[in-house]
Amino acid sequence: MKIITSLLISLMVICSSSKAQYGSSGNLDVRSTGMAKTSNAASRGLYSLGINPSNLLSGIETVDFLLPLPVPNLSLKTGTNFLSINELNYFFGGVDGEGRYLNDDDKDRLRNLFKGGGSVFADASVNLFAISFKNESFGAIAFSISDYTAGKFVFPEALVNLALSGNTRGKTYTFDDEEIHSWWIRNYSISYARKLYESEQGLFSLFNKINGGISLKIVQGFFYIGTEKVETSINTSNTNAITGKADLLAFSSFSPSMGVKYDFDSSNTSKGSHPNPFMSPAGTGWGFDLGFNASIGELWNVSIAATDIGLITWKENTAEFLGSGDIFLDDLTNEAQWDTVKNKLFGESRRRGSFTTGLASALRLGASCSLLNSMLIPGDLILAFDYNQGLNSYPGNSVIPRFSVGAEWKPCNWVPYFRTGLSVGGIDGFNLAFGMGIDMNVVEINLATSDLQALIAPNSAEHISLALGSRWKF
Amino acid sequence: MKNIFKVLFPIIFAILIHSGCVNLPDEIIPPQWDVDLNVPIINRSYLMSDIIDENQNIYPGAADSIYIIESDNYNVNSGIASRIEIENESVMNDVVVDAKSDTQTVLILFPENIELDSAVFSSGFLHYSVYNPTSDIVYLSLEIPGISKNGSVLVVNRTVFPMSYDSSSQNLEGYKYNFPASQPPSLKRYLLVNPTITSSNKNDSVICDFKNSNFQFSSVTGKIGRRSLGNFNEKFSLKLGDAIKYRDKIFLKEASLDFSMKYASYYNSFFKAGLKNLQVIGRRNGGQTLNLSMRDGTSLDILLRAQKSEIVFNELNSNINEFLTFLPDEIEITAEHIINPDDENLSFTITNRDTIKYGALFRSRGYLALKNIALTDTLEIKIDEGDRKSILDSKAADLTLNFENAIPLTTSFKVVLTDKHFNPLFTLTRNSAGEDSMLINGGEIDLITGDVISPAATFQNISLDADKIRMLANSYYAIVSTTIKTKESSGDPSALQMVPIKVSNWVSIKAYGMVRYHVNPD
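What counts and how
Residues numbered from 1 in each chain as written. Chains lettered and ligands numbered in written order. Predicted model: local features only at pLDDT ≥ 70, side-chain atom pairs only at ≥ 80, totals over all residues. Heavy atoms only, no water. Phe/Tyr/Trp six-rings, centres within 6.5 Å; stacked < 30°, edge-to-face > 60°. Helix = DSSP H or I, 4+ residues; strand = E, 2+ residues; numbered from the N terminus. Buried < 20%, exposed > 50% of the residue type's maximum accessible area, 1.4 Å probe, protein only. Axes fitted to C-alpha atoms, helices over the stretch in contact; angles between N-to-C directions. Parallel < 35°, antiparallel > 145°, perpendicular 65-115°, else oblique. Left-handed = near helix turned anticlockwise from the far one by under 90°. Contact = heavy atoms within 4.5 Å. Nonpolar A, V, L, I, M, F, W, Y, C, P; charged D, E, K, R; others polar. Buried area = accessible area lost by both parts, 1.4 Å probe. Salt bridge = Lys/Arg side-chain N within 4 Å of Asp/Glu carboxyl O. Polar contact = N/O pair within 3.5 Å; in protein donor to acceptor, adjacent residues only side chain to side chain. Pairing = 2+ DSSP bridges.

## Here's the deal with the packing of aromatic side chains
For any pair of aromatic rings, the description consists of the separation of the ring centres together with the inter-plane angle of the planes.
And step 1. Taken as a whole and assessed by the stated rule, the structure comprises 31 aromatic pairs over all chains.
And step 2. Ring geometry for A:Phe138 and A:Tyr192: centres 5.2 Å apart, planes at 55°, overall tilted. Of this pair, A:Phe138 sits in the loop between strand 3 (118-135) and strand 4 (139-155) while A:Tyr192 is found in strand 6 (residues 179-203), placing the two residues 54 residues apart along the sequence.
And step 3. On the numbers, 6.4 Å between centres and 20° between planes, the contact of B:Phe323 with B:Phe362 is stacked. Of this pair, B:Phe323 sits in helix 3 (residues 320-325) while B:Phe362 sits in strand 23 (residues 355-370), and the two are 39 residues apart along the sequence.
And step 4. Judged by relative accessible area, B:Phe323 falls into the buried class, the value being 0%.

Here it is, written out as structure tokens:
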């Protein structure tokens, strides 16, 4: 028992230092990851939690568990949207032991990499424990504890241009694309799914079976750092006076156990950092997922779900960073003027009462086709298509729609599952996924990456990801 | 299960092998590059009140905010005299003193008709001669009740032989005089002498002559007529300091000198005194002198009043503008001290401890003309070593300097940077036109009032290449040569355009430029 506890704590500590994501583009379970996160209609059992709770009824198992053993259910992803290994080597590999001197072509090349803003992200999710029970007449019920930690920093394109080329007279630099979001949240969710309709004739002569599901969540947040608004711009006049407008608002909140002390807060008598897997939360909230799944004939499944509808109220160790007003700097030797500009650009920090954030709410649509021992393809093949639309930009989410197709194929009993898919849009852009899984009857072990290109052409890849997990089923 | 692993392991193995082909850099070395930063360096306006350190010597005038330049108050004490001298003598002859009378009275007129209440002799003689026409020896006693020493009245005893003369002089130095109570107050002009003779024959008599002379008093109370105490002179230095640099190059207007005199009586017993032919002489160390003189050519005779007598020299009544422009190192005051100048019939006390306190306060309104005043100063450049290294990260700089000058002074300056050993490195102010000095034109002025009517704009451009920036990082001293002048209407100093320096005069400096900075995060 001690070993299990130690493993659990280790896993959570690992996760606390990285970033987890869910929402429309974030990390999902290992099976979905192998299918390029194409899971809205194709997920099954406990792997459907957080995606479409009505899919709890899918699958043949009566009871299934997610436990840290034999393989913890863990998803990790990190990368940038601008820097591949090749680019990293070129720009950060040096020349004869010295930093590479960037000529104009190099600067153009670097600028192009950051076009539209350059984001760096890392996220991780871990499912600490989950259990579901399914009964034909009652439906399915599940309980799950899962952690998500995520971070995303978007370098504004203007900042890169400024750093490389300086401030050109007459040109306005806007920093609207700057973004910082990071959090660590824990969901305690209880889910229920049941059959809502079943008929040979079909509803509207189309849907033979309709399932519905809902997940209710209690959410704990351990830290949050996020920009709410960045609408800052600067301009350099013909006499080099810097003018512009600052409009920055950001919030933060930390669990008291993290021992974070703000510069402005001399009254904070924090006794240092003591992070642990069961820290007192910085914020609490609630949320729910609601989903429906409909079968069309024997082969097709369509799905619709709204996930993570809810709020977190952050109360502990909160601060706001506020910068607003007109920017004017025409005298570098004027310390008061310079301090004012710095405060407006980077925000003045001060204590804040509670504030509220949403969850990574998303709308998920999907369709899948199951080909079981068809004439053309041996074994079981599932093809799926997803459309995921994030409703906000919290970690794991993106308002940029994400489309994906995925497939899972198990040619025969002794051959593992092969999973693949490709995804376009969302945070990551284009991704090619690959995964495998072995099914040993009572336990299933899976391994996947949503960034197969990092394995095929690692030097060109901008992201790397890994998901693994095991599922007990009875 | 066995078959599963047969398939799974080769795939995983292939992935891991392939992953080993990731070509990660051994060490992350950030790139380096040059960036052109357009920076606003300074944009400031300075009122004259920001530039001038106002104090008790320079402050704005209340009426029109023109600066007042004022000296410290120079004071010098001049003793009126080492002694008060009665130059003339008085004589009284043929005074018969007989032996019959026990008491006889002789009144000898003081010289120059002075009336004494009291006095202390610093010198003086009472001469007497006696003729004894008898055949007896006569004993003569001269008691002078008004003169005493250590409480003892002066008494002279002489023996005069028959048919012979006797004469002597009594030195009065150290003696005091007090008007005798027995002497009628109306006879203060006289020295009372009580002579008596003793002889064997009561009918004997002698004939006496008296003379007093060379009376000099250290203090005296009484009625003394108008009297000169002689010429006196006193000197005091003007501590010009750096102002000496302006000699012959600054021309002042509306200057003034408040010259005050006060008679300080040792016994607080003031009476009228006067200064005759007062002269204020400016003298430079090189020997050149300039007298402060009245425009109408009159000499200065001043009657000192009860408290403080004052005369104000201004540009209307004197040549004070020229005098102050002369910037003497030393001021000498000469005057003849006169007591009782109106020769009034008054009783007063005068001592050789009495003084006349002279006070001089120079003042000039900030109306001036400057003629190419050259100033050179060496300034230490205090930059820490870390900042010197940061300067080396700059590869070039192109600076634009805009001056708007609403001060009626044209300034040009040249800044030469030197190394630790004062070896010149380069001229910082050398502009793109090849000129070493940077000129800041004075504001345009109204030729009548000298007031600035519009600021003058000056643009300068300085380019620093990598070599100069390297030298800048190695600079430890700046030799700043400055030339300041006001507008000149001609070379004739008397025709120089005078300008007022006002609190509201201002100058603005706007500097901005491009700095090519080498970014090397490593």
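## Examining the packing of helix 3 (residues 85-92) of chain A against helix 4 (residues 104-113) of chain A
Residues and elements named next belong to chain A.
And step 1. It is at 12 Å that the axes of helix 3 and helix 4 come closest, and there the two elements cross at 140°. With respect to their mutual orientation, helix 3 and helix 4 come out oblique. Seen along the crossing, helix 3 lies across helix 4 with a hand that is left-handed. In contact with Glu-87, Tyr-90 and Phe-91 of helix 3, helix 4 contributes Asp-106, Arg-109, Leu-110 and Leu-113.
And step 2. In terms of residue class, the contact of helix 3 with helix 4 is made up of four nonpolar, no polar and three charged.

## Here's the deal with the interface of chain A and chain B
And step 1. The interface of chain A with chain B comprises 49 residues on the first partner and 39 residues on the second.
And step 2. Buried surface at the junction of chain A and chain B, both sides included, amounts to about 3,600 Å², of which 62% is carbon and sulfur.
And step 3. Counting the contacts that link chain A with chain B gives one salt bridge.
And step 4. For A:Asp331, the salt bridge identified is with B:Arg44, shortest N-O distance 2.8 Å.
And step 5. At the junction of chain A with chain B, the criterion picks out 17 residue pairs in polar contact (both at pLDDT 80 or more).
And step 6. Mapped onto the side of chain A that touches chain B, the elements with two or more residues apiece are helix 3, helix 5 (157-165), strand 19 (431-440) and helix 7 (453-456) of chain A.

## Some thoughts on the packing of helix 4 of chain A against helix 5 of chain A
All names here are of chain A.
And step 1. Running from N to C, helix 4 and helix 5 cross one another at 170°; their axes reach a closest spacing of 10 Å. Judged by the inter-axis angle, helix 4 sits roughly antiparallel to helix 5. Listed contacts from helix 5 to Lys-107, Leu-110 and Arg-111 of helix 4 are Asn-161, Leu-164 and Ser-165.
And step 2. Along the lines of polarity and charge, the residues of the contact of helix 4 with helix 5 split into two nonpolar, two polar and two charged.

## Section: the pairing of strand 27 (residues 424-427) of chain B
Residue and element names in this part refer to chain B.
And step 1. Strand direction decides the pairing type here: strand 26 (residues 410-418) and strand 27, joined by three bridges, are antiparallel. Following the sheet pairing, Val-416 is matched in strand 27 by Thr-427.
And step 2. The loop that links strand 26 with its antiparallel partner strand 27 comprises five residues; one of these, Phe-422, has a positive phi angle of about 65°.

## Overview of unusual backbone geometry
It is generally the case that most residues other than glycine have a negative phi and that most peptide bonds are trans.
And step 1. Of the consecutive residues A:Leu69 and A:Pro70, the connecting peptide bond is found in the cis state with omega at 0°.
And step 2. Inspection of the secondary structure puts A:Pro70 in the loop between strand 1 (63-66) and strand 2 (73-80).
And step 3. Phi is positive for B:Asn113, close to 60°, though the residue is something other than glycine.
And step 4. A relative accessible area of 42% places B:Asn113 in the partly exposed class.
And step 5. At B:Asn150, a position not held by glycine, the phi torsion is positive, near 55°.
And step 6. With respect to the secondary-structure elements, B:Asn150 resides in the loop between strand 9 (138-149) and strand 10 (152-160).
And step 7. On the basis of relative accessibility, which here comes to 76%, the residue B:Asn150 falls in the exposed class.

## Some remarks on the side chain of A:Ser32
And step 1. Along the polypeptide, A:Ser32 turns up in helix 2 (residues 30-34).
And step 2. Looking at A:Ser32, its side chain comes within polar contact range of the side chain of A:Ser39, at 3.5 Å.

## Notes on the pairing of strand 32 (residues 477-485) of chain B
All names here are of chain B.
And step 1. Of the two faces of strand 32, only the one carrying Ala-478, Val-480, Thr-482 and Ile-484 is buried; Tyr-477, Ile-479, Ser-481, Thr-483 and Lys-485 on the other face are not.
And step 2. Note: strand 24 (residues 373-380) against strand 32, eight bridges, orientation antiparallel. In the sheet register, Ile-373 faces strand 32, and the bridge partner there is Ile-484.
And step 3. Sheet topology note: the strand 26/strand 32 ladder contains nine bridges and is antiparallel. Residue pairing in the sheet places Val-416 in a bridge with Ile-479 of strand 32.

Shape is all these values report; function is a separate question.
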